[in-house]
Amino acid sequence: MAYDKKLVELAIKLFSIDAVKFGEFTTKSGIKTPVYFDLRVIVSYPEVMESISNLLLEIAMQNLKYDHVCGVPYTALPIATLLSVQTKRSMLMRRKETKAYGTKKSIEGHYKAGQSCLIVEDVVTSGSSVLETVRDLRKEGLIVTDAVIILDREQGGKKNLEVNDVQIKSLFSMTTLIDILMKNGKITEEIVLKVKNYLKETQAPVIDKPVERIQLPYEKRAELATNSVAKQLFNIMATKKTNLCLSVDLTSTTKILDLLEKVGEHVCLVKTHADIIEDFSNDFITRLKDLAQRFNFLILEDRKYADIGHTVSLQYTKGLHKVAEWADCVTAHSLPGEGILKALNSANGVNHGVFFLAEMSCEGNLITPEYRESTVSMAAKYPDLITGFVCQNKDTFKDPGFIQLTPGVQLESSKDNLGQVYNTPEKVILENGGDVIVVGRGIVAAKSPETQAVLYKDTLWKCYLKRVAEN
Ligand code: 5BU
């Protein structure tokens, strides 16, 4: 095989500066190896640095599109810097140790969720270091699909990364590197054989793709939840075998309480709109809380807060409704920014949660993918407060400790005449990732709400069981 002249020159240079060594070595993890790479030395050879970055650009980075580059700490950082300057793409830096003070950010640099980032690494063995960096970037909402590498040791890293949706392009594989060095009289055929045998025998362990949240059963997710209401709700779902949330959109307290007497045992969550109730009273709240305790369901006030923090904190704790005193959780928009979460976080204290609105079910709403992603990034800073997201799409968030609350559901897909769009239980649970499913008029406006609640509960639960079994 004919190799690019510049690659041959680089291989020989790496050999001559001891960045590649042959002999008997023991790796960090205690494994014996006949070949050792130490690319840290390249910082002492500016011409090697230049040639590596030029070759990565010419050979590995052709046809790749990316907004940022990020080197895997630490050896690849200077190479990533050169590539950033040459391509005029901004660089991101991942901290290996997150700061104990200040912003606690693990990624330094300016970026927006939804932008793409190319990974730069010196040597890939198992792929685990690249994956650590990829995971931190993905946590911030960045899209990572490709990594460029100087050397692939061919010990399973490429496969491990592909399984985790990262494609790699490398300047050298171990095989091409030793082939070049042998053909140029730097190493003997015996060494080549030794390295080839070693490669056959020493493959890195397989790194499985992390399990997706929708594959996990609710009881498992209860363990992963960081918000106490989310934990409780997952446990209620698992115990009562229902993921039905009833939206009691009725305007009279008697009607609400009568309905809950009949259907309370079939639901895990009751969603209220306190401001549509005409005879709201403290007595109503006492009776609602009694029912919640008797039937073991939680209460979500769907208030959709959307004001500045100060006003929201008053709306939440004061006024006629004093929501903070009785609702286990509330809904809030991310539109006003983080102040809203700060307000809700400090307003009450214990055992309360927020479903953050990342998407809406109604047609023509103005939420964009960027808005959705920024909403999820904002929520990530409040793991103790966020119960989950109100959304329609399984890709909205990944953390299995959060709950996807999905409204806009009826047994047949349809629309109402004011923009509401209904999807079926199958679609929202199996395709769209819904965890707790909100049904309002599908039950409330039925001739027999009780029969209908049982039907919804059974249908929704079957879909959930199918989802967990399928995966
Ligand atoms: P319906 O009768 O099943 O259409 O009632 C749905 C309920 O969920 C209703 O109370 C809405 O206010 C609420 N909802 C919604 O329908 N869509 C959304 O995106 C959000 C809330 Br957020």
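Bear in mind the structure is a predicted one, so any value in this text is a computation, not a measurement.

## Notes on helix 7 (residues 189-201)
Between its first and last C-alpha, helix 7 extends 19 Å over 13 residues, near the 18 Å set by a 1.5 Å rise per residue. All buried positions along helix 7 are accounted for by Val192, Val195, Tyr198 and Leu199. Each buried residue of helix 7 lies within a common arc of 125 degrees when the element is viewed along its axis, so the set occupies one face. Of the residues in helix 7, the exposed ones pointing more than 90 degrees away from the buried face are Glu189, Glu190, Leu193, Lys200 and Glu201.

## Some words on the sheet that holds strand 15 (residues 403-406)
Read around the barrel, eight strands follow the order 9-10-11-12-13-14-15-18 and close on themselves; strand pairing throughout is parallel. The average undirected angle you get between the axes of adjacent strands in this sheet is 30 degrees. When strand 9 (residues 244-247) meets strand 18 (residues 436-439), the two strands line up parallel, connected through three bridges. Within strand 18, the position partnered with leucine 244 by the bridge is isoleucine 437. Taken strand by strand, helix 17 (residues 449-470) contacts strand 9 and strand 18, and its axis lies near 145 degrees from that of strand 9.

## Here's the deal with the pairing of strand 12 (residues 329-333)
On a regular strand, each side chain points to the face opposite its neighbour's, so the side chains alternate between the two faces of the sheet. Among the five residues in strand 12, five count as buried, and that is most of the element. Burial along strand 12 is two-sided: Cys329, Thr331 and His333 and Val330 and Ala332, pointing in opposite directions, are all buried. Of the strand pairs in this sheet, strand 11 (residues 298-305) and strand 12 are connected by three bridges, and their pairing is parallel. Opposite glutamate 301, over in strand 12, you have valine 330 as the bridge partner. In this fold, the crossover linking strand 11 to strand 12 by way of helix 12 (residues 309-317) has right-handed handedness. Bridge count between strand 12 and strand 13 (residues 353-357): five bridges; the pairing is parallel. Counterpart to cysteine 329 in the pairing with strand 13 is glycine 353.

## Focus on the site of the ligand
Taken together, the neighbourhood of the ligand is formed by 17 residues, with Asp249, Ser361, Gln420, Tyr422 and Arg441 sitting nearest. At a separation of 3.1 Å, an oxygen atom of the ligand approaches a polar side-chain atom of serine 247. A distance of 2.6 Å is found between an oxygen atom of the ligand and a side-chain nitrogen or oxygen belonging to tyrosine 422. At the level of elements, strand 11 and strand 18 are the ones that each hand at least two residues to the shell around the ligand. When grouped by side-chain class, the residues that make up the shell around the ligand number seven nonpolar, five polar and five charged.

## Some details on the side chain of glutamine 410
Mapped onto the secondary structure, glutamine 410 falls in the loop between strand 15 and strand 16 (414-415). For glutamine 410, a relative accessible area of 18% gives the class buried. Every residue in contact with glutamine 410, bar those within four places of it in the chain, is listed here: Tyr422, Asn423, Thr424, Pro425, Arg441, Gly442 and Tyr456.

## A closer look at the pairing of strand 18
Along strand 18, one buried face is formed by Val436 and Val438 and the opposite face, lined by Ile437 and Val439, is buried too. Bridge count for strand 15 against strand 18 is two bridges, and the pairing is parallel. When the bridges of strand 18 are listed, threonine 406 appears paired with isoleucine 437.

## Observations concerning the packing of helix 10 (residues 253-263) against helix 17
At a minimum axis distance of 9 Å, the contact between helix 10 and helix 17 shows a crossing angle of 50 degrees. It follows that helix 10 is oblique to helix 17 by the angle criterion. Once helix 10 is placed against helix 17, the crossing between them reads as right-handed. Residues Leu259, Lys262 and Val263 of helix 10 form the contact with helix 17, whose own contacting residues are Pro449, Glu450 and Ala453.

## A few points about the pattern of salt bridges
All told, the structure shown has 22 salt bridges when counted by the stated rule. A salt bridge links arginine 94 to aspartate 136; its shortest N-O distance comes to 2.9 Å. Of this pair, arginine 94 sits in strand 4 (residues 90-94) while aspartate 136 sits in helix 4 (residues 128-139), and the two are 42 residues apart along the sequence. Of the two residues, arginine 94 and aspartate 136, both sit in the buried class. Between glutamate 363 and lysine 415 there is a salt bridge, with its nearest N and O atoms 3.1 Å apart. One end of the pair, glutamate 363, is in the loop between strand 13 and helix 14 (369-380); the other, lysine 415, is in strand 16, with 52 residues separating them in the sequence. Take lysine 415: its relative accessible area is 55%, and that puts it in the exposed class.

## With respect to the sheet that holds strand 6 (residues 117-124)
Read from one edge to the other, the open sheet built from six strands follows the order 5-4-3-6-7-8, with strand pairing classed as mixed. Each edge of the open sheet is held by one strand with a lone partner, namely strand 5 (107-108) and strand 8 (167-173). Both strand 7 (residues 146-152) and strand 8 contribute to a ladder of six bridges, which runs parallel. Bridged to aspartate 152 within strand 8 is serine 173. Lying on the sheet, helix 4 is in contact with strand 3 (68-71), strand 4, strand 5, strand 6 and strand 7; it crosses strand 6 at an angle near 165 degrees.

## Notes on helix 12
Those residues of helix 12 not exposed but buried are Gly309, Val312 and Tyr316. Projected down its long axis, helix 12 carries its buried residues within an arc of 60 degrees, all on one side.

## So, unusual backbone geometry
Residue tyrosine 74 follows proline 73 across a cis peptide bond; omega there is 0 degrees. Even without being a glycine, lysine 88 presents a positive backbone phi close to 55 degrees. Summarising the element assignment, lysine 88 is placed in the loop between helix 3 (77-87) and strand 4. If you check the backbone angles, lysine 241 has positive phi at about 55 degrees while not being a glycine. Checked against the element boundaries, lysine 241 lands in the loop between helix 9 (228-240) and strand 9. Owing to a relative accessible area of 48%, lysine 241 belongs among the partly exposed residues under this scheme.

Rules and cut-offs
Residues numbered from 1 in each chain as written. Predicted model: local features only at pLDDT ≥ 70, side-chain atom pairs only at ≥ 80, totals over all residues. Heavy atoms only, no water. Helix = DSSP H or I, 4+ residues; strand = E, 2+ residues; numbered from the N terminus. Expected span 1.5 Å × (residues − 1). Buried < 20%, exposed > 50% of the residue type's maximum accessible area, 1.4 Å probe, protein only. Arc of directions from axis to C-beta. Pairing = 2+ DSSP bridges. Axes fitted to C-alpha atoms, helices over the stretch in contact; angles between N-to-C directions. Contact = heavy atoms within 4.5 Å. Right-handed = clockwise from strand over helix to strand, strands pointing away. Near = heavy atom within 4 Å. Polar contact = N/O pair within 3.5 Å; in protein donor to acceptor, adjacent residues only side chain to side chain. Nonpolar A, V, L, I, M, F, W, Y, C, P; charged D, E, K, R; others polar. Parallel < 35°, antiparallel > 145°, perpendicular 65-115°, else oblique. Left-handed = near helix turned anticlockwise from the far one by under 90°. Salt bridge = Lys/Arg side-chain N within 4 Å of Asp/Glu carboxyl O.

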